[in-house]
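What follows is each chain in one-letter form.
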Amino acid sequence: MENITPQLYTLLVFMVIGSIVAIETRNLLSAVISVSAVGFALSVAFLFLGAPDIAITQLVVEILVLIILIRGTILLDNTAVELHRDTLAVIVTLIFFGLILGFGAMIFGSRGFPAFGEPLMSVSRVYVMRGLPETHAANIVTSVILDYRAYDTMGEATVLFGSILGALALLRKDGKVAKKEVVPA
Amino acid sequence: MKGLTLIVKTITDFVVAFIVVFGAYIVLYGHLTPGGGFAGGVIIACAFILLMLGHGKEVAFSRLGERLAHVLDSAGALAFLIIGWIGFWGGYFFLNVFGRGEQFRLISSGMILPINIAIAFKVGTSLFIVFAALAIFRRRSFRSMIEDELS
């Protein structure tokens, strides 16, 4: 495998800059576009890392979310958002960020980081070696998420089902009220 | 005239069938090539959303009715669960009891292919429903909701 670290770092810097722009910009539409740029860069990074499955899903979902979010933000006449900075929230965030960094340094500082992608994890090694003979699925990712870990996938599908049910219930209630108001007028 | 210009409508009519076929390919070959039920389902949903953007919601609902979308959404989730229950026939939940078949063939790897199809129906129709809900209820509810949120 050739060295892909420079490309990954370039994408990473691009993603960090895009995220900062998305947070700091005053225009809602610009924020949506920057978030989508970060998502597309992430899908390219997945391609570099040799994960076409995740890259395809990321790309397709990113397109759909971009359409939905643009449709949502374009309805607003006033796209400028006033940012409210809460000093306490910033302080708490910084404290927890420092704690996470501190614990990370405690855990990894003594042992040192393993090299990127090395060694192959013991669990994933079992999947890679036994996936094809056991499930006869040439795509290892599918054999893991739909055979070894099918229960998790069902939980994921249930989450999607429940969230859409809740969103529809909330939107529909408003829609019925709106219809009732329209009829007498 | 509902929807966008004639150019967009013509291209949409031409392209939608290809997008659906590509999505079906991603779903059916999920166990052989990159892809699977989720990605393929989103691609199929994108085809119907393109139809809705280009032609307006009436045409999109005439191809895939709201009621049918609800039924397919629930049926996909239920089919996933039932396939999991079939595993009890061999021992435990989600046990791959179907025949594995020959490697690298379309009909192989037991219950992975049926689960992929079930997930594709579930994900595709539910994302279409989300977009349809935003398109239908946007006039008052969605707008007032966001304005309340911001004020």
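All of these numbers come straight from a predicted model, not from anything done at the bench.

A look at the environment of Leu-64 of chain B
Residue and element names in this part refer to chain B. Within the secondary structure layout, Leu-64 lies in the loop between helix H3 (57–63) and helix H4 (66–86). Along the backbone, Leu-64 and Phe-128 are 64 residues apart, and their C-alpha atoms lie at a distance of 9.4 Å. Ignoring sequence-local partners within four residues, the contact set of Leu-64 consists of Phe-48, Ala-69 and Phe-128.

A look at the nonpolar core
Among soluble globular proteins, nonpolar side chains are generally buried collectively. Of all hydrophobic cores here, the largest spans 49 residues; its most connected members are Val-42, Ala-45, Phe-48, Phe-80, Ile-115, Ile-119 and Phe-128 of chain B. Those elements giving two or more residues to this core turn out to be helix H3 (52–74), helix H6 (140–148) and helix H7 (150–182) of chain A together with helix H1 (6–28), helix H2 (37–55), H4 and helix H5 (112–136) of chain B. Top element by residues in this core is H5 of chain B. It accounts for 16 residues. With near-sequence residues (within four places) excluded, Val-42 of chain B lies in contact with Val-60, Val-61 and Leu-64 of chain A together with Val-123, Gly-124 and Leu-127 of chain B.

With respect to the packing of H3 of chain A against H2 of chain B
Axis separation between H3 of chain A and H2 of chain B bottoms out at 9 Å; the angle between their running directions is 30 degrees. By the angle class used here, H3 of chain A and H2 of chain B are roughly parallel. As H3 of chain A packs across H2 of chain B, the resulting crossing turns out to be left-handed. Every residue of H2 of chain B that contacts H3 of chain A at Ile-56, Thr-57, Val-60, Val-61, Ile-63, Leu-64 and Ile-67 of chain A is listed here: Phe-38, Ala-39, Val-42, Ile-43, Ala-45, Cys-46 and Ile-49 of chain B.

Let's talk about the interface of chain A and chain B
Listed by partner, the interface residues are 38 residues for chain A and 49 residues for chain B. Mapped by element, the contributors of at least two residues to the side of chain A that touches chain B are H3, helix H5 (122–135), H6 and H7 of chain A. Among the elements that make up the side of chain A that touches chain B, the one with the highest residue count is H7 of chain A (13 residues).

Quick notes on the rules
- Residues numbered from 1 in each chain as written.
- Chains lettered and ligands numbered in written order.
- Predicted model: local features only at pLDDT ≥ 70, side-chain atom pairs only at ≥ 80, totals over all residues.
- Helix = DSSP H or I, 4+ residues; strand = E, 2+ residues; numbered from the N terminus.
- Contact = placed C-beta atoms within 7 Å.
- Core = buried A, V, L, I, M, F, W, Y, C linked by C-beta atoms within 7 Å.
- Buried ≥ 20, exposed ≤ 12 C-beta atoms within 10 Å, placed from the backbone.
- Axes fitted to C-alpha atoms, helices over the stretch in contact; angles between N-to-C directions.
- Parallel < 35°, antiparallel > 145°, perpendicular 65-115°, else oblique.
- Left-handed = near helix turned anticlockwise from the far one by under 90°.

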